[in-house]
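An overview of the molecular structure
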Amino acid sequence: MADQNELYQQVILEHNKKPRNFSVLEEASHYALGKNPLCGDQFAVYLKLNEDNGTIEEIRFQGSGCAISKASASLMTVNLKGKSEEEARLMKDEFQKMVTGQLDPDTEPHHLGRLSIFQGVKQYPVRVKCASLAWHTLEAALNKEQEAVSTES
Amino acid sequence: MVTLMEKTATHLDVERIRADFPILKQKIHGHPLAYLDNAATTQKPLSVIERMTDFYMNEYATVRRGVYEMSARATIAYDEVREKVARFINAPSSSEIVFVRGTTEAINLVASGYGRPFVQAGDEVVISAIEHHANIVPWQQLCQEKGAVLKVIPVNDDGELDIEAYQALLTDKTRIVSVNHISNSLGTINPIKAMIDMAHQRGIPVLIDGAQSIQHMPIDVQALDCDFFAFSSHKIYGPTGIGVLYAKRQHLNAMVPYQTGGDMIESVTFEKTTFAKAPNKFEAGTPAIAEVIGLGAALDYINAVGYENIQPYEHHLLTYATQALLQIEGLRIIGNAREKASVISFVFDDIHPHDVGTLLDSRGIAVRAGHHCTQPVMERFHVPATTRASFSFYNTQQEIDALVDGLRMVTQVFR
């Protein structure tokens, strides 16, 4: 880890301060709760899929956590709106690979767009779970998992 | 602040102390390491590291089994540490010193070995609102198993236990009180002598979780008159994997074994086993021999530095750090007890402790961020987590200055 700015970029700080789509979605078709029991971070992700074509019509989140987990959740919702379920799952996999250093968004093809600003997380192994909590919760929502998803199981 | 320094001038030469701890010399991310996570675990002086290395290189053998010279010598060295521990906490006899893996195992041993025979349905166990999970969960499990009731001493907004409420919780149904000496997340020093006396008036035994106290102040189990006292070697500058349970002899005799197997028996047939006397009854299996030797070296080190030097110096660090931290805008200290050890938990309303921890780490400053295994404390004070800086006598005022500078940087980043 050289420079803290690689992690705490302006976009991330800004989304932490003013998270987008930060509210309950009453008419959600999919919902899941994600927790990191080691630090107490907790987010709910709400989805409404289009009944005809299955695209993500609406996506929102609520909860509390550190700047990395909250900004990650906020930017996830912004980037997933209008995407198909398959695209969302693909992005989840790519995001996970990026933050664990298995995908270099600068040299390899990907579908993450602006989410590549989270690539600095790979230099902070203890913060990977913060960045990926919202994405694990998204996957649980798409899978319609009943139990709260945990970073520790 | 200058007058304060003068008032607390001590004989402790911190630069000489630091030279004893090789790990403190390193740089982290290009900055000198400021290790401020001493409530989690303490670093090891060279004398401990060298003693353990020497033991492995020249003296290692099993204990209490071999008839050969090496084993006999290892056994003597091992038993000497038991004597040393007894002297260190002023236990009447080394036979009241049980070696365990750490404070967690010590409490589990009492909850099981004492709790199972003596706590029945409808009985009550008293703990406090500021316990570590290690002094909550074993009792909770026992109560669930037995149909007993767990009673919790409440804490005020400053982090001090409500002693009147404690008095009211002590009843004819109370079978044991188990409280910490010092809270690991708030730094509160509890009035354990008075609490022990109050319980004893009703004939109730008391366990003191000393995980956070023995590294800061001298312990005299006879003066306290506690029934049980538990601590971990790794928090008092010794190795991990070894700890101590002191228990009064009558309790050890009445307790049932927690684990069974080799070394804790008198005789075994397929029909019946008779157990060895305490402490061996509670030490099944080959023990952590080199770790016991290392603990002995750690206690020697503390004796050489001297609590009379450690206490005023650490108190000075606490006062200096408290005043400096309170100058930082938006910082709130959680835990403002009048009697505190050199442990400071703090929060910013809109900056998460994990972000604080990561940003401080970029400057080589090691602090703890999280719930510190005290989730009920976090809930009580309405915070998800805190950042905690905890100081040892090897820490310096300069390290506290670096912490304060680092926290100002954190508030800049999140402005």
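Attention here is on the structure that accompanies the text.

1. Considerations on the overall build of chain A
Of regular secondary structure, chain A possesses 4 helices and 4 strands. For chain A, the succession of helices and strands along the chain, N to C, is α-β-β-β-α-α-α-β. Relative to a compact globule of 153 residues, whose C-alpha radius of gyration would be 15 Å, chain A shows 14 Å and is just as compact. Here the C-alpha coordinates of chain A stretch approximately 45 × 35 × 30 Å along the principal axes. Taken over 153 residues, chain A has a buried fraction of 49%. For chain A, the proportion of contacts with a sequence separation of at least 24, taken over those separated by at least 6, is 58%. When the accessible surface of chain A is totalled, it reaches about 7100 Å², and 46% of it is carbon and sulfur. A gap of 6 Å separates the mean positions of the 17 positive and 22 negative side-chain charges of chain A.

2. Looking at the pattern of salt bridges
All names here are of chain A. Following the criterion strictly, the structure yields 24 salt bridges over all chains and no others. E139 is paired through a salt bridge with K92; the nearest N and O atoms lie 3.4 Å apart. Placement of E139 in helix α4 (residues 128-142) and of K92 in helix α3 (residues 85-99) is noted, with a sequence separation of 47 residues between them. Among the residues examined, E139 registers a relative accessible area of 27% and is labelled partly exposed. The structure contains a network of salt bridges with shared partners spanning E58, R60 and K81.

3. A short note on helix α4 (residues 69-88) of chain B
Residue and element names in this part refer to chain B. Taking 1.5 Å of rise per residue, 20 residues should cover 28 Å, and α4 covers 29 Å from first to last C-alpha, within 8% of that figure. Listed in full, the buried residues belonging to α4 are S71, A74, T75, A77, Y78, V81, R82, V85, A86 and F88. Taken together, the buried residues of α4 touch α3 (46-59), β4 (97-100), β9 (228-232), β10 (243-247), α12 (289-305) and α13 (307-325). Remark: N90 follows α4 within two positions and exhibits a positive phi of approximately 55°.

4. A short note on the sheet that holds strand β13 (residues 331-334) of chain B
All names here are of chain B. Spatially, β13-β14-β17-β16 is the arrangement adopted by the 4 strands of the open sheet, whose pairing is antiparallel. Unpaired on one side and paired on the other, β13 and β16 (368-370) mark the two borders of the sheet. For this sheet the average axis-to-axis angle between neighbouring strands, irrespective of direction, equals 30°. Both β16 and strand β17 (residues 386-390) contribute to a ladder of 3 bridges, which runs antiparallel. Bridge pairing links G370 to T386 in β17.

Reading the values: rules and limits
- Residues numbered from 1 in each chain as written.
- Chains lettered and ligands numbered in written order.
- Predicted model: local features only at pLDDT ≥ 70, side-chain atom pairs only at ≥ 80, totals over all residues.
- Heavy atoms only, no water.
- Helix = DSSP H or I, 4+ residues; strand = E, 2+ residues; numbered from the N terminus.
- Rg over C-alpha atoms; globule rule 2.2 N^0.38 Å.
- Buried < 20%, exposed > 50% of the residue type's maximum accessible area, 1.4 Å probe, protein only.
- Contact = heavy atoms within 4.5 Å.
- Areas by Shrake-Rupley, 256 points an atom, 1.4 Å probe, with all protein chains shown as cover.
- Lys, Arg positive; Asp, Glu negative; His and termini not counted.
- Charge placed at Lys NZ, Arg CZ, Asp CG, Glu CD.
- Salt bridge = Lys/Arg side-chain N within 4 Å of Asp/Glu carboxyl O.
- Expected span 1.5 Å × (residues − 1).
- Pairing = 2+ DSSP bridges.
- Axes fitted to C-alpha atoms, helices over the stretch in contact; angles between N-to-C directions.

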